[in-house]
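Residue strings, one per chain:
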Amino acid sequence: MDGATGSAARPRVRMTGAQRREQLLDIGRELFAQRGYEATSIEELAARAGVSKPVVYEHFGGKEGLYAVVVDREMQRLLDRFTSALSAGGRPRELLERAALVLLDYIEDDTEGFRVLSRDSPVASSSSTYSSLLGEVARKVEHILASQFDERGYDPQLAELYSQALVGMVALVGQRWLETRTPGKREVAAHLVNLAYNGLARLDPAPGLVAAPLAPPAP
């Protein structure tokens, strides 16, 4: 039996179509998190699952189809967390704290999922990129700012711009925190909210730039 192949040593496990699909999604999530989209191959996906390449094509039409489903599931998982955390209501600062902690909790609990969302993605799947996810999250918190802007006499239409800025700040810090895990999660959230909330508390309703415009470069 010295010449036994790997496939002979590990007989293929028979699965239902639904079970095989879930297996491929789990393997795809792991590989896309580790290597990104471009560096992950159909050959490795199939080998990890113990199936032939046509099986992957049968379920997802190819690597891009598998990637799109993995990303969509992760996006929904994170958006569900935001919806649950913000639907209970509360004071603006409490809502900002919950929003910051939701993303940091997700990074901590679902690290592979976060890596999938924040890594490279194929151009053809631009509707499922990290930036589009952040846009969805920003819309979840936009109403917090809109109500505050309205109460303070600011233009509520600017709430979208500010919500994108806040979510982008938390997401960028979250990517760094994923690698260092210092300082602690709650301390990171406290500093983020400190900057966001105290900055909003002293917001200028009609900001302007004090620096003179830069002269254009000489031709």
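Residues numbered from 1 in each chain as written. Predicted model: local features only at pLDDT ≥ 70, side-chain atom pairs only at ≥ 80, totals over all residues. Heavy atoms only, no water.

Under an unreviewed UniProt entry, the protein chain has the name TetR/AcrR family transcriptional regulator and belongs to Geodermatophilus sabuli.

J.: What exactly am I supposed to notice about helix H9 (residues 159-180) here?
T.: At 3.6 residues per turn, the α-helix brings residues three or four places apart onto the same side. End to end, H9 covers 32 Å across 22 residues, agreeing with the expected 32 Å (1.5 Å per residue, within 8%). Among the residues of H9, Ala 159, Ser 163, Leu 166, Val 167, Val 170, Ala 171, Gly 174, Trp 177 and Leu 178 are the ones counted as buried. The buried residues of H9 occupy an angular sector of 130° when the element is viewed end-on, so they sit on one face. Those residues of H9 that are exposed and angled more than 90 degrees off the buried face are Leu 161, Leu 172, Arg 176 and Glu 179. (Helix = DSSP H or I, 4+ residues; strand = E, 2+ residues; numbered from the N terminus. Expected span 1.5 Å × (residues − 1). Buried < 20%, exposed > 50% of the residue type's maximum accessible area, 1.4 Å probe, protein only. Arc of directions from axis to C-beta.)

J.: Explanation requested: the confidence of the model for the protein chain in the structure shown.
T.: If pLDDT is low for a region, its predicted coordinates should not be looked at in detail. The predicted model of the protein chain has a mean per-residue pLDDT of 82, with 85% of residues at 70 or higher. Every residue in residues 1-10 scores below 50 in pLDDT, and together they form zero contacts with partners more than four places removed in sequence or on other chains. Note on residues 123-128: pLDDT under 50 across the span, and seven contacts to partners over four residues away in sequence or across chains. (pLDDT = per-residue confidence, 0-100. Contact = heavy atoms within 4.5 Å.)

J.: Sorry if this is basic, but what is going on with the packing of helix H6 (residues 92-109) against helix H10 (residues 185-201) here?
T.: Geometrically, a packed helix pair is captured by the angle between its two axes and the distance between the axes. Contact geometry of H6 with H10 gives a least axis separation of 9 Å together with a crossing angle of 145°. Along this stretch, H6 crosses H10, giving a crossing that reads as right-handed. Mapping the contact onto sequence places Pro 92, Arg 93, Leu 96, Glu 97, Ala 100, Leu 101, Leu 104, Asp 105 and Glu 108 in H6 and Lys 185, Arg 186, Val 188, Ala 189, Val 193, Tyr 197, Asn 198 and Leu 200 in H10. (Axes fitted to C-alpha atoms, helices over the stretch in contact; angles between N-to-C directions. Left-handed = near helix turned anticlockwise from the far one by under 90°.)

J.: What exactly am I supposed to notice about the UniProt feature "DNA-binding region" (unreviewed entry) in the protein chain here?
T.: As annotated by UniProt and renumbered to match this structure, "DNA-binding region" (unreviewed entry) occupies residues 41-60. This span, residues 41-60, is 80% helix and 0% strand, and a straight line between its end C-alpha atoms measures 14 Å. (UniProt positions renumbered as here; feature names shortened; annotations may be inferred.)

J.: What am I meant to see in the packing of H9 against H10 here?
T.: Two elements in contact, H9 and H10, have axes whose closest approach is 11 Å; the angle formed by their N-to-C orientations is 155°. With respect to H10, the element H9 is oriented roughly antiparallel. Remark: the crossing between H9 and H10 carries right-handed chirality. Residue-level contacts link Tyr 162, Leu 166, Met 169, Val 170, Val 173 and Trp 177 of H9 to Lys 185, Val 188, Leu 192, Leu 195, Ala 196 and Leu 200 of H10. Considered class by class, the residues forming the contact of H9 with H10 number eleven nonpolar, no polar and one charged. (Parallel < 35°, antiparallel > 145°, perpendicular 65-115°, else oblique. Nonpolar A, V, L, I, M, F, W, Y, C, P; charged D, E, K, R; others polar.)

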